[in-house]
Amino acid sequence: MNIFGETYHVYIELSNLCNYAYMHKGCLASRQTEKRILPADKVYNIIDTLAKYKYGKGKSLSFYNYSETLNDPRLFKFIEYARKKLPDCDLIVGTNGWYLNDVMAMELYDVGVDLILVTSYTSNEHIRLVKIKNYVAEQFKRGNLKAFMIRRVKQMDCRLNMTGKKGACYAPLTELILSSSGDLRLCCIDVRQDGEYGNIHKKDFEQIMIDVYPKFYDLRQQLIKSDRQLEICEKCSFVNRLQKSFTLKGDFRIGSGQAGIYREGKK
């Protein structure tokens, strides 16, 4: 059995820290009482486990959830390691843009990142980020650079105001969240069920997935039929979430080990 056969998105939350947390009172990072940083050996173990099951083409690994990724000095090592172990997987860095400039963007692509997803907090910041995107597009000679996405802050905050809506959801198993506390989460909305599905500080990640796979699979089948039995699912307003696998929707990858070199071919 491939415990990642139904999984297309894996998120590793490196810490619970974010320099913009004060702007989001409902966000987990704004309510943190102590610093939590996921140990490097746990991050490497997650990547090794994904590699063991040949997690790759059409799937993604992201280094973010509710925290700021670029404030972690270990990030480049993690990206390089993931690129080596998961050569066909799309690597994503999500950031609020505070640390991002032309140099940082180019060096992220240089070590193997496929997509930079950045949030603009103000109109001036949006203009600055667009300039960075245009610079990168010029370097890669790609006028429509789909590997650099800018979203407005309101798009990110939509997770903070759940109203409840009936409809199908494909999130369980399709996405896996490893929080900075080591907990495996049901989805990116799940922030309260600490340790219910397993914690990588207490049990090996592979064994957690073997144990929880049947439960996640059954829950996913229920949600596909719009059968929302869990309280968190009843309150969630996402519908048809994550129905399709991740794709950059283009004919190229940027992550290649050297900036400016593409690996062509339909994904």
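Note that the structure is predicted; figures quoted are calculated from it, not measured.

**Student:** What should I look at first to understand the state of the cysteines in this one?
**Tutor:** One pass over the full model with this rule turns up zero disulfides. The thiol of C236 is unpaired, and the distance to the nearest cysteine sulfur, on C169, comes to 6.1 Å. On the basis of relative accessible area, C236 is assigned to the buried category, the value being 8%.

**Student:** It is not clear to me how helix α4 (residues 123-140) should be interpreted in this structure. Could you clarify?
**Tutor:** It helps to recall that an α-helix has 3.6 residues per turn; residues three or four apart then point in one direction. Here α4 is 18 residues long and its end C-alpha atoms lie 26 Å apart, about the 26 Å a rise of 1.5 Å per residue gives. Regarding α4, the residues found buried are E125, H126, L129, I132, V136, A137 and F140. Buried residues of α4 fall within an arc of 135° about the axis and therefore sit on the same side. The exposed residues of α4 that point more than 90 degrees off its buried face are S123, N124, K131 and E138. Where α4 is buried, its residues meet α3 (102-111), β4 (115-120) and β5 (148-152). K141 occupies a position one or two residues after α4 and carries a positive phi of about 55°.

**Student:** What is the right way to read the packing of aromatic side chains from this model?
**Tutor:** What describes a pair of aromatic rings is the distance from one ring centre to the other and the angle between the planes of the rings. Following the criterion strictly, the structure yields nine aromatic pairs and no others. Ring centres of F4 and Y55 lie 6.4 Å apart, and the angle between their planes is 75°; this geometry places the pair in the edge-to-face category. One end of the pair, F4, is in the segment before β1 (9-12); the other, Y55, is in the loop between α1 (40-52) and β2 (60-62), and 51 residues separate them in sequence. Here F4 matches Y55 in class, with each residue buried. Judged by centre distance (5.4 Å) and plane angle (75°), the ring pair of Y44 and F78 falls under edge-to-face. Within this pair, whereas Y44 is found in helix α1, its partner F78 is found in helix α2 (residues 75-85), the two being separated by 34 residues in sequence.

**Student:** Looking at this structure, I do not really get the nonpolar core. What am I missing?
**Tutor:** The nonpolar side chains of soluble globular proteins are, as a tendency, buried together. Judged by nonpolar contacts, the single largest core of 69 residues is most densely connected at L61 and F63. A per-element tally of this core places helix α7 (residues 205-224) first, with eight residues. Here F63 is in contact with I12, L14, V43, T69, L75, F78, I79, A82 and I92, once residues within four sequence places are set aside.

Rules behind the numbers
Residues numbered from 1 in each chain as written. Predicted model: local features only at pLDDT ≥ 70, side-chain atom pairs only at ≥ 80, totals over all residues. Heavy atoms only, no water. Disulfide = S-S within 2.5 Å. Buried < 20%, exposed > 50% of the residue type's maximum accessible area, 1.4 Å probe, protein only. Helix = DSSP H or I, 4+ residues; strand = E, 2+ residues; numbered from the N terminus. Expected span 1.5 Å × (residues − 1). Arc of directions from axis to C-beta. Contact = heavy atoms within 4.5 Å. Phe/Tyr/Trp six-rings, centres within 6.5 Å; stacked < 30°, edge-to-face > 60°. Core = buried A, V, L, I, M, F, W, Y, C linked by side-chain atoms within 4.5 Å.

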